[in-house]
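# Coordinate inspection notes
Chain by chain, the residues:
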Amino acid sequence: MDSGVSALDQFQQQMDVIGNNIANVETVGFKSANMQFADALSQTIGQNAAGVEQIGTGVVTSSITDNFAQGSISSTGVPTNMAINGNGFFLVKDPASGQEYVTRDGNFTVDANGYLVTSTGLRVQGYTDSTHTAMGDIQVSNANAPGGDTSAVQSYTFDSSGNLNILLADGTQFTSGQVLLQNFTSPTQLSSVGNNLYSGMANAGPLATPEAPASNGLGNLETGSLEMSNVDLAGQLTALITAQRGFEANAQTVTTSNEILQDLVNLKH
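Residues numbered from 1 in each chain as written. Predicted model: local features only at pLDDT ≥ 70, side-chain atom pairs only at ≥ 80, totals over all residues. Heavy atoms only, no water.

Here we take up helix α1 (residues 2-23). In this model α1 runs 32 Å from its N-terminal to its C-terminal C-alpha over 22 residues, within 8% of the 32 Å that 1.5 Å per residue would give. Inspection of α1 places G4, S6, A7, L8, Q10, F11, Q14, M15, V17, I18 and N21 among the buried residues, and these make up the whole buried set. Lining the buried residues of α1 we find β1 (33-39), β4 (59-66) and α2 (233-266). (Helix = DSSP H or I, 4+ residues; strand = E, 2+ residues; numbered from the N terminus. Expected span 1.5 Å × (residues − 1). Buried < 20%, exposed > 50% of the residue type's maximum accessible area, 1.4 Å probe, protein only. Contact = heavy atoms within 4.5 Å.)

Next up, the structure:
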């Protein structure tokens, strides 16, 4: 009965994981999770010439890890949308708390102050000057214009290298900063905190400092596009059916054990 109950708990957790994957099948930059089982500590009941006699005591969860495989890239035509084709994460910062996070969700916009931000207002990080030396919040402005030009910003674009190219009203063009990417040796150690954000960067083994896209093993940046969820819906539905059948089978084990115990209790009559 204990083995059956332990299996019910684990299969319920697996269905929760699969359900969350399916729920996020259209979430930008979402990475599906995989759950692995391991057998519980076995009970030794004896030993003979054939070896140790043991009875298993059920099943436990050995790991629940995110699958960081590449998701499909969909064109949106929005100039501030960015998708990473390959390794790496966007680095973003909460302007209120200063807390930094990473994300694969490149659904960015420019706010009223000219900052490149996520859907929740976190500011995208990178080089903030034309010489690519100062790190901070990416901002669309004329602050770095040649010769201190104060003409208003007429338009701007981000290229495949993450460079912010600005055109002023007087025709002056210049590069003002660059979106950078952060890579990790063990991204599965990142912790999801909601809103497509991850924390726990120190545990994931960050590689040096954020660097330009397409450098040192980082992926290419595709502007005007978004990386979609990497959830394989057909595979998840198949896994859900398997988990459901496993749950039902172990529920039957518990029911049978209960019937046997009832028969034992009735022997006194």
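The structure having been displayed, the exposition proceeds.
This next bit is on the packing of α1 against α2. Interaxial distance between α1 and α2 falls to 9 Å at its minimum, and their mutual angle equals 160°. In terms of axis orientation, α1 runs roughly antiparallel to α2. Crossing angle aside, the handedness with which α1 passes α2 is left-handed. Considering only residue class, the contact of α1 with α2 consists of 15 nonpolar, nine polar and no charged. (Axes fitted to C-alpha atoms, helices over the stretch in contact; angles between N-to-C directions. Parallel < 35°, antiparallel > 145°, perpendicular 65-115°, else oblique. Left-handed = near helix turned anticlockwise from the far one by under 90°. Nonpolar A, V, L, I, M, F, W, Y, C, P; charged D, E, K, R; others polar.)

Before going further, it helps to examine α2. With 34 residues, α2 should reach 50 Å at 1.5 Å per residue; the first-to-last C-alpha distance of 49 Å fits that figure. What α2 keeps buried is the set Q236, A243, G246, N250, V254 and S257. Contact partners of the buried residues in α2: α1.

Among the nonpolar cores identified, the biggest contains 22 residues, and M82, F90, L116, F158 and V179 are the most heavily contacted of them. Ranked by size, the runner-up nonpolar core spans eight residues in total, among them F89, V102, F184 and A204. (Core = buried A, V, L, I, M, F, W, Y, C linked by side-chain atoms within 4.5 Å.)

Attention now moves to the pattern of salt bridges. All chains considered together, the criterion is met by five salt bridges. Its salt-bridge partner being D137, residue R123 comes within 3.3 Å of it at the nearest N-O pair. Here R123, found in strand β11 (residues 123-127), pairs with D137, found in strand β12 (residues 135-137); they are 14 residues apart in sequence, far enough to count as distant. Residue classification places R123 among the buried residues on the basis of a relative accessible area of 18%. The shortest N-O distance in the salt bridge between E248 and R245 comes to 3.3 Å. Of this pair, E248 and R245 both sit in helix α2, three residues apart, which is roughly one turn of that helix. Residue E248 is classed as partly exposed on the basis of its relative accessible area, which comes to 40%. Among the charged side chains, a salt-bridge network with shared partners connects K31, R104 and E227. (Salt bridge = Lys/Arg side-chain N within 4 Å of Asp/Glu carboxyl O.)

Most of strand β15 (residues 173-179) sits out of view: five of its seven residues are buried. Where β11 lies against β15, two bridges are found, and the strand directions are antiparallel. Looking at β15, one finds that Y127 is bridged to Q178. Linking strand β14 (residues 163-168) to β15, which pair antiparallel, is a turn of four residues; within it G171 sits at a positive phi near 95°. (Pairing = 2+ DSSP bridges.)

Let us now look at the side chain of D105. Tracing the chain through its elements places D105 in the loop between β8 (100-103) and β9 (109-110). Nearest to the buried, unbridged D105 among oppositely charged side chains is R104, at 9.7 Å. In terms of polar contacts, D105 uses its side chain to reach the backbone amide nitrogen of N107, at 3.0 Å. With residues up to four places along the chain from it excluded, the contact list for D105 reads V28, G29, F90 and N196. (Lys, Arg positive; Asp, Glu negative; His and termini not counted. Polar contact = N/O pair within 3.5 Å; in protein donor to acceptor, adjacent residues only side chain to side chain.)

This part takes up the environment of N107. Mapped onto the elements, N107 comes out in the loop between β8 and β9. As a C-alpha pair, N107 and M15 span 92 residues in sequence and 29 Å in three-dimensional space. With residues up to four places along the chain from it excluded, the contact list for N107 reads N81, V117, T118, S119 and L226. Within the structure, N107 has its side chain in polar contact with the side chain of N81 (distance 3.2 Å).

Taken as a whole and assessed by the stated rule, the structure comprises one cavity of 30 Å³ or more. Its volume calculated, the largest cavity comes out at about 60 Å³. Lining of the largest cavity is provided by T103, D105, N107, T118, S119, T120, N195, N196 and L197. Residues belonging to the lining of the largest cavity are distributed by class as follows: one nonpolar, seven polar and one charged. (1 Å grid on protein atoms, 1.4 Å probe; cavity = no way out; pocket = protein on both sides within 12 Å on 5 of 7 lines; lining within 4 Å. Points joined across faces, edges and corners; volume = space filled by probe spheres on them.)

What follows covers unusual backbone geometry. Its identity is not glycine, yet H132 carries a phi of approximately 55°, on the positive side. Along the chain, H132 turns up in the loop between β11 and β12. At N216, a position not held by glycine, the phi torsion is positive, near 50°.

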